[in-house]
Amino acid sequence: MKTQERGLSILIPTYNHCCLQLVETLHAQASALDGLAFEILVADDGSTDGGSVIANRRINELQACRYIERTENVGRAAIRNFLARQSRYPLLLFIDSDMVVMSDAFISRYLDVADQPVVDGGVSIRGDARKLRHNLRFCYEKRCEQQHTAVQRVRKPYADFHTANFMAHREIMMAYPFDLRFRHYGYEDVLFGKTMKQHGIRITHIDNPLSFEIFETNAEFMAKTEEGLRTLCVFQQELRGYNSLLTAVGILRHSCPLVLIRAFHRLLGPLIRRQLAGKRPWLPLFNIYKLGYFVCFDQQQDARK
């Protein structure tokens, strides 16, 4: 059966973000492909920003597009599972709502590898480096960008899987949905990658990136980072071997008393956080802060058991 005859569901979870332009771009591309049956479904995960909700309602005016408004925020895993259940076609293309399409051949490149069960297209970081030189998220993502090229991702295909831009067969998403325990920010994609490996399902990595161009404030990024670290701590048993920070902590347990790291963080952590959330963050402090935050939160969790 030809790929064009199989059909494609483009699935976009969103929260407090207008993604009309993204949908319009994807709609134009998909419409231009002869014989492609497609739909674009956008699911709003209980947005509190009324302006973005109103703007996104225009998505319903596009043929084969639907904007689904949900009043309850169910989290990153559940909203993607919901979209998968709502889809009608055998190929599912998941895209984060804050991504930007870079290539006119974006959809066709995915269709070229439609026989692969799961395909990760990757993300590129774009922005004015001069204007964003003091934005912590931009600086961090830009520094890590070369680690996430297709060439690098294929070296650890299951550990380096991300949900911002990937395609999967619907039957796989029905059989192995995202873990609903992941209601907060971070790492549902890592566990999905592990699940694929456990069941012998190949993840193919290609160079078909979307662009990430929206960077929150330093204070917002620090709060999001801490939320992700708490998620990582709660699910560390499941994620061990699939995360570099967990690997580092495991090594330090045998070579350096973690009590020293906790003492350092309790003494200087607040100052480091203030610096990172400020107007001129120093990136080398970021990983130091993450390590200290994690081991302190981990100890708190142990004390509650």
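Residues numbered from 1 in each chain as written. Predicted model: local features only at pLDDT ≥ 70, side-chain atom pairs only at ≥ 80, totals over all residues. Heavy atoms only, no water.

## Here's the deal with the packing of helix α10 (residues 218-234) against helix α14 (residues 284-304)
Where α10 contacts α14, the axes come no closer than 9 Å and their chain directions differ by 45°. In terms of orientation, α10 lies oblique with respect to α14. Between α10 and α14 the crossing geometry is right-handed. Across from Phe221, Met222, Thr225, Glu226, Leu229, Arg230, Leu232, Cys233 and Val234 in α10, the residues of α14 making contact are Phe286, Tyr289, Lys290, Tyr293, Phe294, Phe297, Asp298 and Gln301. Looking at the contact of α10 with α14 residue by residue, the class counts come to 11 nonpolar, two polar and four charged. (Axes fitted to C-alpha atoms, helices over the stretch in contact; angles between N-to-C directions. Helix = DSSP H or I, 4+ residues; strand = E, 2+ residues; numbered from the N terminus. Parallel < 35°, antiparallel > 145°, perpendicular 65-115°, else oblique. Left-handed = near helix turned anticlockwise from the far one by under 90°. Contact = heavy atoms within 4.5 Å. Nonpolar A, V, L, I, M, F, W, Y, C, P; charged D, E, K, R; others polar.)

## So, the nonpolar core
Counting residues in each nonpolar core, the largest one holds 56 residues, and the members touching the most others are Val118, Phe166, Met173, Met196, Leu276, Phe286 and Phe294. If one sorts the elements of this core by residue count, α14 sits on top with eight residues. (Core = buried A, V, L, I, M, F, W, Y, C linked by side-chain atoms within 4.5 Å. Buried < 20%, exposed > 50% of the residue type's maximum accessible area, 1.4 Å probe, protein only.)

## Some points on the sheet that holds strand β5 (residues 99-101)
Adjacent strands of a sheet pair through backbone hydrogen bonds, lying either parallel or antiparallel. Pairing is mixed across the open sheet formed by three strands, whose spatial order is β5-β10-β7. The open sheet has two free edges, formed respectively by β5 and β7 (123-125), since each of these has just one partner strand. Pairs of neighbouring strands in the sheet enclose a mean axial angle of 40°, with direction left out of account. Alignment of β5 against strand β10 (residues 210-212), held across three bridges, turns out to be antiparallel. Pairing of Val101 across the sheet is with Leu210, part of β10. (Pairing = 2+ DSSP bridges.)

## Describing the pairing of strand β8 (residues 165-169)
For β8, the tally of buried residues reaches five of five residues, placing the bulk of the element in the interior. Residue alternation in β8 divides its side chains into two sets, Asn165, Met167 and His169 and Phe166 and Ala168, and both sets are buried. Bridge analysis of strand β4 (residues 91-95) against β8 gives five bridges, and the strand direction is antiparallel. When the bridges of β8 are listed, Leu91 appears paired with His169.

## So, a nonpolar patch on the surface
On the surface, a nonpolar cluster with roughly 460 Å² of combined accessible area is contributed by Phe264, Leu267, Leu268, Leu271 and Ile288. Looking at the nonpolar patch element by element, the count peaks at four residues for helix α13 (residues 258-276). Following the sequence through the fold, Leu268 ends up in helix α13. (Patch = residues over 30% accessible without salt bridge, like charges linked within 9 Å, V, L, I, M, F, W, Y side chains within 5 Å. Areas by Shrake-Rupley, 256 points an atom, 1.4 Å probe, with all protein chains shown as cover. Salt bridge = Lys/Arg side-chain N within 4 Å of Asp/Glu carboxyl O.)

Taken by themselves, the reported measurements are silent on function.
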